[in-house]
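# A structural walkthrough
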Amino acid sequence: MGKERVFNQVLDSIPDLVFYKDLQGVYQGCNRAFAAFVGRDILDIVGKTDHDLFPSDLAQSFVSFDQAMLVSGDPRYNQEWATYPDGRRVLFDTLKAPMRDREGQVLGTMGIARDITSQELVKQELKTTLANFSMFIETIDDMIFITDLNGRALYINPAVTTKLDLSLADLQDMHLLDIHPPELREAAEQIFAEMLAGQTEVCPLPLARKDGTRIPVETRVWMGRWDNHDCLFGICKDLSGEQEALQRFNKIFQVNPTPMMITTIPEGRILDVNNAFIATFGYRRLEAIGCLVSELYFFTTAEDAAEAQMYLSSTEPLVQYEMSVRTRAGQILVGQISGEVVKTQSEDLRLTVMNDLTAIKKAEESLLYQAQFHNMLMKIATEYINVPL
């Protein structure tokens, strides 16, 4: 087998596009991959120039690059988009180098082009993903901290500067724990150690602004990598809005004239009662809080007790369910019970409201009695009047 044939077989086994030209830019040879790109037979390529094979603008770019490489005398890389005969667009990473004889004289140009379209698409997708992630981190309302393992800040997002009035330069002279109020730093250190050990998930301690005022937060911390180094990631959720909403709810809850209670699901354990509940049922707040509803003997019948337990253990709403209930002193009231599930960050709770219908029921009974008495009088009078004299 001749050397030239072996050489051609080696070229044809290479998936990259391989070609070589003389100093006038005339093709002296190529492999099958290059012939497929051109859309011609190898024998139909040899002896042709770029202007014979490609559109003029693409041919001129090939020629200009060849000339610049030959002038410099050094190999050169470039990337360029090109189109196959079937319309397929690809990005080639092309190396062109001077082709020399044994004495070092330049004979022409040799080129190898590799299809890097898939790599470029992956790179662009990664670039887009990173840009999206960066935009998310930069605009999120939660505070993001990245520190080294010694607690020194490597990165903070704009929310940290906005909420704490601290810059990255400020934090680089501080330890991560220093963003907590001084009297809470020891407790924060203990909680952070427990989070990193997987013993707890959240640190509930507030952060301190530059002026010393506090921000209620929920902090999570975990280990990770940043710039190829071990680091700590921290995210602090600002609970100021939730706390304000909770304070407003508590005010409404306590001053509402309707008896109300908050219980756990599914146990039915009382977490809080309002002032109207205390006034209506006669229990002190500390007597009721922590008890199961069933332990207070509210219900006058086994049927009502079973219905109440089903309601308290479910997440279904209850609308104006009427039943008799017992106060601490043993007085029987008629209540119209309604309830909804209240979702918090950590769990679902049940809010139950009772409209006291006792006075209304007594008034209805009185009216019924009066109506019955009136009817009886009318009947007697009618019968008396109809008696013959």
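## As for the sheet that holds strand β15 (residues 332-343)
Pairing is antiparallel across the open sheet formed by five strands, whose spatial order is β13-β12-β16-β15-β14. Here the strands that pair on one side only, and so sit at the sheet edges, are β13 (270-273) and β14 (318-326). Across the sheet, the mean angle from the axis of one strand to that of its neighbour is 30°, orientation sign disregarded. Taken together, the five bridges between strand β12 (residues 260-264) and strand β16 (residues 348-356) define a ladder with antiparallel strand orientation. Of the residues in β16, the one forming a bridge with Met-260 is Val-353.

## A few points about the sheet that holds strand β10 (residues 217-226)
Strand pairing in a sheet relies on backbone hydrogen bonds. The paired strands run either parallel or antiparallel. On the basis of which strands lie adjacent, the open sheet formed by four strands has the order β7-β6-β11-β10 and antiparallel pairing. Of all the strands in the sheet, the pair left with one neighbour each is β7 (153-156) and β10. Taking the axes of each pair of neighbouring strands and ignoring which way they run, one obtains an average angle of 20° across the sheet. The sheet strands contacting helix α9 (residues 185-196) are β10 and β11 (229-238), and the helix crosses β10 at an angle near 50°.

## Structural notes on unusual backbone geometry
Among all residues except glycine, the phi angle is most often negative; among peptide bonds, the trans geometry is most common. The step from Ile-265 to Pro-266 runs through a cis peptide bond, and the omega angle for that step is 10°. Along the polypeptide, Pro-266 turns up in the loop between β12 and β13. We note that Asn-228 has phi near 65°; this positive angle belongs to a residue other than glycine. In this structure, Asn-228 sits in the loop between β10 and β11. Positive phi, close to 55°, is recorded for Tyr-297, a residue that is not glycine. Locating Tyr-297 in the fold gives a position in the loop between α12 (285-288) and α13 (302-313). For Tyr-297, a relative accessible area of 60% gives the class exposed.

## Digging into the pairing of β14
Here β14 runs beside β15; their pairing, made up of seven bridges, is antiparallel. Bridge pairing in β15 links Met-323 to Gly-335. Counted along the chain from β14 to the antiparallel partner β15, the turn is five residues long, and its residue Gly-330 has a positive phi close to 95°.

## Digging into the packing of aromatic side chains
Counted according to the given criterion, the structure contains 17 aromatic pairs. Taken together, a centroid distance of 5.7 Å and an interplanar angle of 35° make the contact between Phe-37 and Phe-54 tilted. Residue Phe-37 is located in helix α2 (residues 32-38), and its partner Phe-54 is located in the loop between α4 (50-53) and α5 (56-72); the two are separated by 17 residues in the primary sequence. The burial state of Phe-37 is the same as that of Phe-54; both residues are buried.

## Side note on the pairing of β12
In terms of burial, β12 is a largely internal element, five of the five residues being buried. Connecting β12 to the antiparallel partner β13 that follows it, the hairpin turn spans five residues, and Gly-268 within it adopts a positive phi of roughly 80°.

## Some words on the side chain of Asp-50
Its location among the elements puts Asp-50 in helix α4. The buried category is assigned to Asp-50, whose relative accessible area is 2%. Beyond its immediate chain neighbours, meaning those up to four positions away, Asp-50 contacts Lys-21, Gly-25, Tyr-27, Ala-59, Phe-62, Val-63 and Asp-66.

## Some words on helix α6 (residues 117-139)
The terminal C-alpha atoms of α6, which comprises 23 residues, lie 33 Å apart, in line with the 33 Å expected from a rise of 1.5 Å per residue. All of the buried residues along α6 are Thr-117, Glu-120 and Ile-137.

## Here's the deal with the pattern of salt bridges
Enumeration according to the criterion identifies 21 salt bridges in this entry. Across the pair Arg-284 and Glu-287 runs a salt bridge whose closest N-O atoms are separated by 3.9 Å. For Arg-284, a relative accessible area of 56% puts it in the exposed group. By relative accessible area, Glu-287 is classed as partly exposed at 23%. With its nearest N and O atoms 3.3 Å apart, the salt bridge here joins Lys-343 to Asp-348. The class for Asp-348 is partly exposed, based on a relative accessible area of 28%. Overlapping salt bridges, with partners in common, bring together Lys-21, Asp-50, Asp-66 and Lys-96 in one network.

## Some remarks on the nonpolar core
Counting 25 residues, the largest nonpolar core has Met-143, Phe-145, Leu-164, Leu-171 and Ile-179 as its most contacted members. Secondary-structure elements contributing two or more residues to this core are β6 (143-147), β7, α7 (158-164), α9 and β10. Counting residues per element, this core draws most heavily on α9, which supplies four residues. Excluding its chain neighbours within four sequence positions, the residues that come into contact with Leu-171 are Phe-145, Ala-153, Ile-156, Val-160, Leu-166 and Ile-179.

How each quantity is defined
- Residues numbered from 1 in each chain as written.
- Predicted model: local features only at pLDDT ≥ 70, side-chain atom pairs only at ≥ 80, totals over all residues.
- Heavy atoms only, no water.
- Pairing = 2+ DSSP bridges.
- Helix = DSSP H or I, 4+ residues; strand = E, 2+ residues; numbered from the N terminus.
- Axes fitted to C-alpha atoms, helices over the stretch in contact; angles between N-to-C directions.
- Contact = heavy atoms within 4.5 Å.
- Buried < 20%, exposed > 50% of the residue type's maximum accessible area, 1.4 Å probe, protein only.
- Phe/Tyr/Trp six-rings, centres within 6.5 Å; stacked < 30°, edge-to-face > 60°.
- Expected span 1.5 Å × (residues − 1).
- Salt bridge = Lys/Arg side-chain N within 4 Å of Asp/Glu carboxyl O.
- Core = buried A, V, L, I, M, F, W, Y, C linked by side-chain atoms within 4.5 Å.

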